[in-house]
Amino acid sequence: MLRVGVVGVGMMGQHHVRVYSELAREGKVELIGIADPNFERAKALSMRYGGIPYSDYRELIQKNPDAVSIAVPTSLHKQVAIDFIREGTSVLVEKPIADTIENAEAIIRAAEEEGVTLMVGHIERFNPAVLKLKNLIERRELGKIVTISAKRVGPMAARIRDVGIIIDLGVHDIDVISYLFDEPVQTVYARAGNVLHPAGVEDHALITLGFEDGTGIVETNWLTPHKTRTLNVVGTGGIAYMDYIDQSLRLYNHEWVKEAKIEKREPLRNEIEHFVECVETNKRPIVDGEAGLHALRVALLAQESAKTGRVMEVKG
């Protein structure tokens, strides 16, 4: 049975703990540890879900877990991930994979050298509505895809961030749109600004993604008073409206309107189950290090485009 742990139990990390505890109750994994500098938080989660609490993640490394979820601030991803990887532990790193291209490449290189599983937590890839939409696109239910546009907006959250809106939220839809087009982004152009956050941290952005024969658009902000997470796909044969939150998908063409049948399920549960399977079977994750690197590269170029006003070519 896989021995697992979680490092960083803020807003996202605590959900990783919860899902692992559910899997542990089902006899699929053993949750051995929870690490966070806020020891009281780690202790509280430990009492509720199991696992030994630690204030220093290095103590968890010494327990030789088979796999860990890493949900620490983005700027710490490289250090924490590589420390585990070098001890032979497979890692699921929350998105984005790292804060810089160099740090992302270092994580990928370390995982390859040690022969462990590296997966990046782009959770929307495991949303049942996205999976259904991908299937419909592959079956050409919408014909040839022309544009894909996403809206990911909502109020400013209280949690502390070390990145702006493009890296924190926009990267979700950059990854999903590339996945749905089934090709990497070729060019990126963005406009972004700052209203409520400190200088240098954009809190709203509009991003245009160029593909070989199509266009992606991402609208994202921390300013809208209600949360919206939607994605629309326009094809030569119809249009699809998808809601990430409701996990709903509606298709229109010239003759009919139909609602897709979707078995609703928690995306994080799907994601972690996939990670566990990949570690156990040595299968390559759906969202591997290279996929995480591409999404990060595009997001960073979007930030640069917003600053310079130039269309950026995506290389690598």
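Nothing here was measured: the structure is a model prediction, and the numbers come from that model.

So what's going on with the overall build of the chain? Which residues, and what values?
Of the regular secondary structure elements, the chain holds 9 helices and 15 strands. At 20 Å, the chain has a C-alpha radius of gyration in line with the 20 Å of a compact globule built from 316 residues. By its C-alpha atoms, the chain is 60 × 45 × 40 Å across when sized along the principal axes. Here the chain holds 316 residues, and the buried ones make up 56% of them. As displayed, the chain offers around 14300 Å² of accessible surface, 49% of which is attributable to carbon and sulfur atoms. Averaged over its 38 positive side-chain charges, the chain has a centre that lies 4 Å from the centre of its 45 negative ones.

Pulling in residues and values, what's your account of the sheet that holds strand β15 (residues 312-313)?
Strand-to-strand pairing in sheets goes through backbone hydrogen bonds, with the strands running parallel or antiparallel. One open sheet accounts for 9 strands, arranged β14-β13-β12-β11-β7-β10-β9-β8-β15; its pairing is mixed. Whereas interior strands pair on both sides, the edge strands pair on one side only; in this sheet they are β14 (257-259) and β15. Strand direction decides the pairing type here: strand β13 (residues 248-252) and β14, joined by 3 bridges, are antiparallel. Bridging across to β14, Arg250 finds its partner in Glu259.

Account for the layout of surface pockets, naming residues and giving values.
Unoccupied space between atoms shows up once a probe the size of one water molecule is rolled over them. Looking at the second largest pocket, its volume works out to about 300 Å³. If you trace the second largest pocket, you find 17 residues lining it, with Gly200, Val201, Glu202, Gln303 and Lys307 closest to the centre. Where the lining of the second largest pocket is concerned, the elements lending two or more residues are α7 (165-181), β8 (187-193) and α9 (289-308). With 4 residues, the single largest contributor to the lining of the second largest pocket is α9. Its residues assigned to classes, the lining of the second largest pocket shows 8 nonpolar, 5 polar and 4 charged.

How would you sum up the environment of Glu102? Please name residues and give values.
Note on placement: Glu102 falls in helix α5 (residues 101-114). A relative accessible area of 55% means that Glu102 is categorised as exposed. For the pair Glu102 and Ile61, spaced 41 residues apart in the sequence, the C-alpha separation amounts to 24 Å.

Residue-level account of helix α1 (residues 13-25), with values.
The end-to-end C-alpha distance of α1, which contains 13 residues, comes to 19 Å, matching closely the 18 Å that a straight helix rising 1.5 Å per residue would cover. Within α1, burial applies to Gly13, His16, Val17, Arg18, Val19, Tyr20, Ser21, Glu22 and Leu23. Its buried side turned inward, α1 meets β1 (2-7), β2 (29-35), α2 (39-49), β4 (67-70), β5 (90-94) and α8 (267-281). The positive-phi residue at the C-terminal boundary of α1 is Gly27, with phi of around 75°.

So what's going on with the nonpolar core? Which residues, and what values?
The tendency in soluble globular proteins is for nonpolar side chains to be buried as a group. Tyr20, Phe84, Leu133, Ile207, Leu209 and Leu231 are the most contacted members of the largest nonpolar core, which totals 103 residues. When residues in this core are grouped by element, the largest group, 11 residues, is from α7.

Please set out α8 residue by residue, giving values where relevant.
Helix length check: α8 (15 residues) gives 21 Å between terminal C-alpha atoms against 21 Å at 1.5 Å per residue, within 8%. Judged by how many residues are buried, α8 sits mostly within the fold: 11 of 15 residues are covered. Along α8, the residues that are buried comprise Pro267, Leu268, Arg269, Asn270, Glu271, Ile272, His274, Phe275, Val276, Cys278 and Val279. A positive backbone phi angle near 65° is found at Asn282, which sits one or two residues after α8.

Can you explain the packing of aromatic side chains? Please cite residues and give values.
In this structure the tally under the stated criterion is 3 aromatic pairs. Judged by centre distance (6.0 Å) and plane angle (35°), the ring pair of Tyr57 and Phe84 falls under tilted. Pair noted here: Tyr57 is in helix α3 (residues 57-61) and Phe84 is in helix α4 (residues 77-85), with a separation of 27 residues, a long-range link. Since its relative accessible area comes to 11%, Tyr57 is described here as buried. Across from the ring centre of Tyr244, 4.6 Å away, lies the NZ or CZ of Arg152, which sits over that ring.

Could you give me a rundown of unusual backbone geometry, with the residues and numbers involved?
Cis geometry marks the peptide bond from Lys95 to Pro96, where omega comes out at -15°. Summarising the element assignment, Pro96 is placed in the loop between β5 and α5. Of note, Asn64 is a non-glycine position whose phi angle comes to about 55°, a positive value. With respect to the helices, strands and loops of the structure, Asn64 is situated in the loop between α3 and β4. Of note, Asn282 is a non-glycine position whose phi angle comes to about 65°, a positive value. Examined against the element boundaries, Asn282 turns out to sit in the loop between α8 and α9. Take Asn282: its relative accessible area is 64%, and that puts it in the exposed class.

Procedures and definitions
Residues numbered from 1 in each chain as written. Predicted model: local features only at pLDDT ≥ 70, side-chain atom pairs only at ≥ 80, totals over all residues. Heavy atoms only, no water. Helix = DSSP H or I, 4+ residues; strand = E, 2+ residues; numbered from the N terminus. Rg over C-alpha atoms; globule rule 2.2 N^0.38 Å. Buried < 20%, exposed > 50% of the residue type's maximum accessible area, 1.4 Å probe, protein only. Areas by Shrake-Rupley, 256 points an atom, 1.4 Å probe, with all protein chains shown as cover. Lys, Arg positive; Asp, Glu negative; His and termini not counted. Charge placed at Lys NZ, Arg CZ, Asp CG, Glu CD. Pairing = 2+ DSSP bridges. 1 Å grid on protein atoms, 1.4 Å probe; cavity = no way out; pocket = protein on both sides within 12 Å on 5 of 7 lines; lining within 4 Å. Points joined across faces, edges and corners; volume = space filled by probe spheres on them. Nonpolar A, V, L, I, M, F, W, Y, C, P; charged D, E, K, R; others polar. Expected span 1.5 Å × (residues − 1). Contact = heavy atoms within 4.5 Å. Core = buried A, V, L, I, M, F, W, Y, C linked by side-chain atoms within 4.5 Å. Phe/Tyr/Trp six-rings, centres within 6.5 Å; stacked < 30°, edge-to-face > 60°. Lys NZ or Arg CZ within 6 Å of the ring centre and 35° of its normal.

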